[in-house]
Number of protein chains: 2
Amino acid sequence: MSRFFSVISVEDAVRTAERIAPPSQPEKIPIDTSAGRVLAADVHSDTDIPGFDRSVVDGYAVRSADTTGAGDSIPALLRCVGRVAMGKSDPLLVIGNAECAYIPTGGVLPQGADAAVMVEYTETAGDTVLVKKAASHGENIIRKDEDFRYGETVFTAGHRLTPQDTGVLSACGCVDVTVAKKPVVGIISTGNELVPADVVPGPGQVRDANAPMLAAWLLEYGCLPRRYGIAKDEREAFEAVIARAVAECDVVLLSGGSSKDDRDMTASVIASKGEVLVHGIALAPGKPTIIGTIGSTPVFGLPGHPASAFVVLIAIVRPLLDRMLGQSEPLIRTVRATLSENIPSQRGREEYVRVKVRDGIATPFFGKSGLLNTLVRSHGLIRIPAGFEGLEKGSTVDVILW
Amino acid sequence: MSRFFSVISVEDAVRTAERIAPPSQPEKIPIDTSAGRVLAADVHSDTDIPGFDRSVVDGYAVRSADTTGAGDSIPALLRCVGRVAMGKSDPLLVIGNAECAYIPTGGVLPQGADAAVMVEYTETAGDTVLVKKAASHGENIIRKDEDFRYGETVFTAGHRLTPQDTGVLSACGCVDVTVAKKPVVGIISTGNELVPADVVPGPGQVRDANAPMLAAWLLEYGCLPRRYGIAKDEREAFEAVIARAVAECDVVLLSGGSSKDDRDMTASVIASKGEVLVHGIALAPGKPTIIGTIGSTPVFGLPGHPASAFVVLIAIVRPLLDRMLGQSEPLIRTVRATLSENIPSQRGREEYVRVKVRDGIATPFFGKSGLLNTLVRSHGLIRIPAGFEGLEKGSTVDVILW
């Protein structure tokens with residue numbers, strides 16, 4: 001292994017990651033658990049919504065022509081000929097000239113009527129209703145199929161469902177919905193210095209922070225993380241755990257080994273069992289990243305520092321996951337903010353700078369990237385594309401939130 | 001029941017909701033499933049992080065004084081006296097004058113050394129290492145306890161954990177973490193016009209969209225939704241299902257009945273079994289909202305239109321949930337945008353206006369609020385406080401995303 005690896009651009013690395021992404025697999029799930037999942041097929045309405053002309057107010061169904069010119073001082077006098085019951089259509093209830101019927105919000109507009117008047121603009125005297133406001137044709141009515149038409153495409157494949165979408169799916173008659181299967185992502189921690197959270201670190205040891213961070217992030221992104229513990233640098237044991245992960249997962253992430261020796265072993269094992277496609281990306285932090293395949297399974301070697309691993313996760317691994325999820329738009333939480341000072345950057349590499357955000361102002365955070373506390377004390381990242389020499393104070397930036 | 005109910009301000013409604021919120025209950029859970037949960041106790045580090053002075057580069061551990069003035073043309077010549085192994089501390093490895101040792105990223109800085117030099121700035125000739133760059137005291141080193149000190153407060157109670165936080169918790173020795181129990185929220189749909197998603201609506205019927213929407217939103221917000229189906233307007237059956245929900249849940253939401261008769265029955269049942277505290281809020285949409293208690297259980301009557309129910313959910317119910325979760329900051333996804341045109345508003349009531357957002361521009365969406373498709377075709381809401389007569393074109397607004 002050379003000690004200076006050759007780096008490629010972020011764009012090329014992403015293209016490589018997308019190219020090796022296993023195809024999206026569909027599965028049917030109940031809509032109750034569908035929020036956050038990505039649709040694998042278009043969804044059409046199985047019915048007109050609503051299925052009838054519907055009042056949006058409590059009041060009276062009227063013929064609008066009968067209310068022309070009506071006002072506080074000259075009310076229209078209409079005869080109340082009935083009452084619309086919720087959830088029922090009454091074909092015998094017909095509104096003729098100078099007639100009306102009580103209608104609740106959501107009630108079926110009776111035949112003959114073409115508008116509804118809010119109860120607040122009416123008064124009753126026996127069977128007579130005084131209407132004190134003119135209604136225009138169609139006023140306070142939702143027309144049959146105005147919301148969605150029978151057969152209309154309501155959502156397209158690739159859309160990530162929100163909680164509100166679940167309500168719309170329900171209205172369209174969906175009980176189950178076809179979504180992309182959750183990619184199973186294996187996580188193997190590497191590094192002789194690592195111990196798990198429940199062990200008190202001895203001299204020279206640190207607890208593994210990356211694996212739990214990656215697992216939690218993947219879970220939130222709609223994947224199924226599967227952890228394989230910490231592999232030490234005995235090559236045979238390392239090869240065995242990689243082989244197991246490759247057999248059981250759709251993607252494998254190797255994480256945590258921060259030293260050159262670890263990275264070299266990772267690259268060498270991938271090369272011996274499969275192919276190393278990328279070793280080094282023009283990305284800061286995140287340069288010492290490995291992308292390869294073993295069989296048809298993508299295998300990533302992530303940098304050891306947690307802040308660096310996170311950048312590679314969102315900049316390089318995420319596009320592969322989006323491809324596997326069939327997702328049309330990446331799920332990234334950003335806020336727009338104004339930069340508080342100049343940030344210099346090296347042209348030719350994409351750079352991610354940590355920032356704090358308060359009241360719409362993004363302030364660069366100058367902690368060492370090897371520290372965990374930067375994940376806690378900063379709020380997110382600003383991306384500086386490779387073609388830029390920096391960002392100027394006062395410019396508007398999109399902060400990718402942790 | 002009066003037909004014109006007396007409305008109170010959003011502020012007073014929120015204060016009422018917060019006052020009746022049941023107290024937060026703590027529980028211990030494994031950190032693997034803790035992302036998105038709210039801490040019920042402060043978290044302290046059980047160790048110094050790191051527990052030793054640590055190199056952040058692959059290179060050589062040196063005494064910085066030995067490299068003063070070193071450069072490409074006048075390298076410092078140091079004798080390599082050893083190699084730091086990952087995950088181990090070697091008390092016998094001591095760096096004396098004009099000496100150095102190979103150190104991997106993450107390795108323990110040997111005694112005597114006070115800096116590390118990147119391998120890229122060195123050359124070797126037998127046991128001699130040529131250092132071509134001066135190192136300052138502490139350069140490329142993370143000091144013992146620089147990240148977190150033993151006993152330091154890393155997170156405070158009320159913080160909602162992110163995926164990255166899981167990594168930090170792990171480093172602090174947390175295997176389990178104390179969080180607020182998920183509030184159990186019952187959902188009862190009311191309205192004779194409603195049928196569930198798997199039934200084709202007959203004349204005058206519509207499918208229940210609110211209950212699945214509310215359930216999905218609550219799930220995402222960190223609650224346990226429990227659905228009680230659709231209650232028709234037979235009073236006894238309605239009372240029975242409310243009694244069951246009140247006994248089994250921390251909070252009960254009554255949803256879906258859009259007509260005045262439904263709202264009146266809801267208020268009357270709450271009043272007969274407990275107390276109606278609020279009936280009508282100066283909020284648009286969302287005016288016909290009911291807040292009450294049965295025993296010590298908060299019971300909300302939400303408006304029937306899905307877009308209105310959603311506004312009440314985030315404006316009125318959410319503060320109660322935040323209180324129950326002990327959450328210090330609300331979890332709301334907003335984007336900042338510039339308003340494309342004037343929006344008039346009625347002073348004296350808080351108003352939520354649906355908007356589309358593209359390229360940082362928020363454009364008001366003028367669909368009828370009774371339509372489901374507004375949930376799909378708009379991106380979120382702008383809040384106009386009660387004291388405003390509207391918002392001006394060009395002003396900066398925070399859009400609450402659906």
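Look a little higher up for the structure.
Residues numbered from 1 in each chain as written. Chains lettered and ligands numbered in written order. Predicted model: local features only at pLDDT ≥ 70, side-chain atom pairs only at ≥ 80, totals over all residues. Heavy atoms only, no water.

Undergrad: If you had to explain the relation of the copies chain A and chain B to someone new, which residues and values would you point to?
TA: When chain A is brought onto chain B, the operation consists of a screw motion whose angular component is 180° and whose axial shift is 0.0 Å, with 0.0 Å RMSD remaining. The operation mapping one copy onto its partner corresponds to a two-fold rotation axis. (Least-squares fit on C-alpha atoms with pLDDT ≥ 70 in both.)

Undergrad: Give a description of unusual backbone geometry that names residues and reports values.
TA: A cis geometry characterises the amide bond from Ile49(B) onward to Pro50(B), with omega recorded as -10°. For Pro50(B), the location among the structural elements is in the loop between strand E2 (43-44) and strand E3 (54-55). Positive phi, close to 60°, is recorded for Ala98(A), a residue that is not glycine. Locating Ala98(A) in the fold gives a position in the loop between strand E5 (76-83) and strand E6 (99-103). Backbone geometry at Asp359(A) places phi at a positive 50°, although glycine is not the residue there. Tracing the backbone shows Asp359(A) in the loop between strand E24 (350-358) and strand E25 (361-364). (Helix = DSSP H or I, 4+ residues; strand = E, 2+ residues; numbered from the N terminus.)

Undergrad: Which residues make up the sheet that holds strand E17 (residues 251-255) of chain A, and what values do they have?
TA: All names here are of chain A. Ordered in space as E16-E13-E17-E21-E20-E18, the six strands form an open sheet in which the pairing is mixed. Of all the strands in the sheet, the pair left with one neighbour each is strand E16 (224-231) and strand E18 (275-279). For this sheet, the mean inter-axis angle between neighbouring strands, taken without regard to orientation, is 20°. Sheet topology places strand E13 (residues 184-190) next to E16; six bridges connect them, and they run parallel. When the bridges of E16 are listed, Ser 189 appears paired with Ile 230. The strands touched by helix H5 (residues 260-273) within the sheet are E17, E18, strand E20 (290-294) and strand E21 (297-301), with E20 carrying the most contacts at an inclination of about 30°. (Pairing = 2+ DSSP bridges. Axes fitted to C-alpha atoms, helices over the stretch in contact; angles between N-to-C directions. Contact = heavy atoms within 4.5 Å.)

Undergrad: Could you give an account of the pattern of salt bridges, naming the residues involved and the relevant values?
TA: What the rule picks out here adds up to 46 salt bridges over all chains. Linking Glu152(A) and Arg377(B) is a salt bridge whose minimum nitrogen-to-oxygen distance equals 3.0 Å. Taken together, the residues span two chains, with Glu152(A) in the loop between strand E10 (141-142) and strand E11 (153-155) and Arg377(B) in helix H7 (residues 373-377). For Asp398(A), the salt bridge identified is with Arg336(A), shortest N-O distance 3.0 Å. Here Asp398(A), found in strand E28 (residues 396-401), pairs with Arg336(A), found in strand E22 (residues 334-339); they are 62 residues apart in sequence, far enough to count as distant. Accessibility expressed as a relative area gives 37% for Asp398(A), which makes it partly exposed. Where salt bridges share partners, they join Glu11(A), Asp12(A) and Arg15(A) into one cluster. (Salt bridge = Lys/Arg side-chain N within 4 Å of Asp/Glu carboxyl O. Buried < 20%, exposed > 50% of the residue type's maximum accessible area, 1.4 Å probe, protein only.)

Taken by themselves, the reported measurements are silent on function.
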